[in-house]
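# A structural walkthrough
Listed here are the chains, written in short residue letters.
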Amino acid sequence: MVIQRKINLKNLDNDKAVVDRLIEENINNKMDQYLQKFEWNDVEGEIALNLEKNKKDLFNWVLQITIDWKKFRYKREDFKKLDDLINHLFDHFKEELAKK
């Protein structure tokens, strides 16, 4: 399975390396077991993350994941810690995959 990543960071140019690392860690460590059910050669996936720092110096994000034509979308505003934010959104995705 190939998972394409589209990451859009607004007002967070210095945090791109951290965001990329956290996404990679979550996909390879937290999500690997849950994504096994999609491990066919012709399955494609896409992770689109829009993340910005707002006027309150907090984080807003939207995560949209498409895997095997199934769409998952998560949104949150005014989150304080960047690493907790990314881990939290993948927790939501993991929980939803566990139900299926």
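That block above? That's the structure.
First things first, this report covers the structure right here in the doc. Counting restarts for each chain, with residues numbered from 1 along the sequence as it is written. It should be noted that, the model being predicted, local features are given only for residues of pLDDT at least 70 and side-chain atom pairs only at 80 or more, the latter also being counted only at that level, while totals for whole chains, interfaces and linings use all residues. Water and hydrogen atoms were dropped before computing side-chain values, which therefore reflect all heavy atoms in the structure.

Attention shifts here to the pairing of strand β2 (residues 44–53). As defined by bridge partners, strand β1 (residues 2–10) adjoins β2 across nine bridges and the pair is classed as parallel. Residue pairing in the sheet places I7 in a bridge with L49 of β2. Two strands pair under a simple rule: DSSP has to find at least two bridges between them. Strands are runs of DSSP state E lasting at least two residues, helices are runs of H or I lasting at least four, and both sets are numbered from the N terminus onward. In sequence, β2 turns back onto strand β3 (residues 59–67) through a hairpin of five residues, with D57 there showing a positive phi of about 65°.

This part is about the nonpolar core. In this text, buried Ala, Val, Leu, Ile, Met, Phe, Trp, Tyr and Cys residues form a nonpolar core when linked through side-chain atoms within 4.5 Å. A simple rule labels every residue: compare its accessible area, found with a 1.4 Å probe on the protein chains alone, to the largest value its type can have, and call it buried under 20%, exposed over 50%, or partly exposed in between. Core analysis: the biggest nonpolar cluster contains 27 residues, and L51, W61, F90 and F93 have the highest contact counts within it. Mapped by element, the contributors of at least two residues to this core are β1, α1 (16–30), β2, β3, β4 (70–79) and α3 (82–99). Setting aside residues no more than four positions away along its own chain, F93 makes contact with M31, L35, I65, I67, F72 and Y74. By definition, residues are in contact when any of their heavy atoms lie within 4.5 Å.

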